[in-house]
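# Structural characterization, general
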Amino acid sequence: MKFTSRSKGTAALAVLMAAVVGDCFLTSQAQAQYIKSFIADSATAAPSPTSAAGGSWTLSGQNPTTVSTTAGSEGGHNYWEVNDTNTNVNTGNTSNNSIIYSVTNTSDPNLTAAFASAGGWEFTARLKMTAGSTPGTSLSSYTSPMFIDIRNGRRIYTLGFVNDPANGLDGIYQAANGSGFSADSTTLVASLDLSVYHTINMVMVPNASDHTQDVVDVYIDGSTTPSRVLTDANGGASTVTRVQFGGAAAATLSTVYWQEATFQTLPIVEPFGPGDANGDGVVNADDYALIDRGFAGQRVGWSNGDFNSDGLVDANDYLIIDTAYAQLHPMTPDFLASREAEFGEGYVSQLLAAVPEPTSLAVAGLGGVFMMSRRRGV
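This report concerns the structure included in the present document. (Residues numbered from 1 in each chain as written. Predicted model: local features only at pLDDT ≥ 70, side-chain atom pairs only at ≥ 80, totals over all residues. Heavy atoms only, no water.)

Next up on the list: the overall build of the chain. The helix and strand tally for the chain stands at 7 helices and 15 strands. Within the chain, the proportion of its 378 residues that are buried is 53%. Considering only contacts within the chain whose residues lie at least 6 apart along the sequence, 69% involve residues at least 24 apart. Roughly 15,100 Å² of accessible area belongs to the chain as shown, and the carbon and sulfur atoms make up 54% of that amount. (Helix = DSSP H or I, 4+ residues; strand = E, 2+ residues; numbered from the N terminus. Buried < 20%, exposed > 50% of the residue type's maximum accessible area, 1.4 Å probe, protein only. Contact = heavy atoms within 4.5 Å. Areas by Shrake-Rupley, 256 points an atom, 1.4 Å probe, with all protein chains shown as cover.)

What follows is about the sheet that holds strand β8 (residues 156-162). Ordered in space as β2-β5-β14-β7-β8-β9-β10, the 7 strands form an open sheet in which the pairing is antiparallel. At either margin of the open sheet sits one strand with a lone partner, and together these are β2 (58-60) and β10 (186-190). Within the sheet, the average angular offset between the axes of one strand and its neighbour, ignoring direction, is 25°. (Pairing = 2+ DSSP bridges. Axes fitted to C-alpha atoms, helices over the stretch in contact; angles between N-to-C directions.)

A few words on the packing of aromatic side chains. What the rule picks out here adds up to 15 aromatic pairs. An angle of 90° between the planes, with centres 5.0 Å apart, marks the rings of tryptophan 57 and phenylalanine 245 as edge-to-face. Highlighted residues: tryptophan 57 in the loop between β1 (35-39) and β2 and phenylalanine 245 in strand β14 (residues 241-247), separated in sequence by 188 residues. For phenylalanine 245, a relative accessible area of 0% translates into the label buried. Relative to tryptophan 121, the ring of phenylalanine 115 lies with its centre 5.9 Å away and its plane at 85°, an arrangement referred to as edge-to-face. (Phe/Tyr/Trp six-rings, centres within 6.5 Å; stacked < 30°, edge-to-face > 60°.)

Quick look at the packing of helix α4 (residues 315-325) against helix α6 (residues 345-354) now. Between α4 and α6, the least distance of the axes is 10 Å, while the angle of their chain directions is 35°. Between α4 and α6 the crossing geometry is right-handed. Counting all contacts with α4, which are made through Ala315, Tyr318, Leu319, Asp322 and Thr323, the residues of α6 involved are Tyr347, Gln350, Leu351 and Ala354. In terms of residue class, the contact of α4 with α6 is made up of 6 nonpolar, 2 polar and 1 charged. (Left-handed = near helix turned anticlockwise from the far one by under 90°. Nonpolar A, V, L, I, M, F, W, Y, C, P; charged D, E, K, R; others polar.)

Here we take up the pairing of β8. When you tally the buried positions in β8, you get 7 out of 7 residues, the bulk of the element. Side chains Ile156, Thr158, Gly160 and Val162 project from β8 onto one buried face, and the interleaved Tyr157, Leu159 and Phe161 project onto a second face that is buried too. As defined by bridge partners, strand β7 (residues 146-152) adjoins β8 across 6 bridges and the pair is classed as antiparallel. Looking at β8, one finds that aspartate 149 is bridged to threonine 158. Hairpin geometry of β7 and β8 is characterised by an intervening segment of 3 residues between the two adjacent antiparallel strands and by a positive phi of about 90° at glycine 153.

Structure follows, in structure tokens:
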């Protein structure tokens, strides 16, 4: 299942195809786009969110503890691990240790403007977490759980994550007053096994005439229906402008594995050229890595390859990136054969038709492509 954000712009495939220029190096308009993205699950080992390309998250809230941060990989997927042991190295006692990655309007003045984006904004996270000892049967014992905390200078939109199967508390919660839990301010958003990876999207749907009526829809694992709608009415007041994520669990052992944390303004189609998933002005292997990851992981959003903003990463999006790439690069028989095997003969025909002057190599190899596919029984 996929979700289609109510705030995302729509663009017909034909329009995007017409916009493809004859040069694969595209003019990026990144100044019109605000994005803070940390994607650990990339081709190379996961960097720190503070040094990741396109990230620039700042590190704050780390107390003098034995919190460890390391990059790792499992099953071919990279992650950034934050391990909170909750043992103060100075006293040896348990403490409210934390390691928090954030961006504020003081460290980045453009953040305030991003919150006023006419199209809204989106925070995407993919994570899992484990827990050791638990603080008891009371949810309020988790005074500062692992969280996502977004504040627009008026209200707080926050999600807290608890992995406590022994007490039946597994899941995602909303704490109305911020990242702290208390018995009377916490709402269950979804019961989930957080020991496996989940994707969470928080999508701001703005109200043009009255921003006090803005809402944030929370989607989990590509659902088309919000698991929770956060409004000004059920969010705590805050004069701070910030976006932060991290682990700050008190009185418990917790390890959080982050594969992605991205905050960006919407719509996200406008700033970059067709197929340019990372907005660097060129369509290359980096963009293919992002769309392949988005396709395999059923993800959403421009940075995951949803170039036509229909809430899906599918053959239509591959047609966009392939067309952009093919402006300067020959479509070899092997390339066309792989596309036909995955998407069919009709896809190859569309791709060749979309490129004004297919290379002689591509044309010469097309017959061989179809012969190869018939032999495979595709």
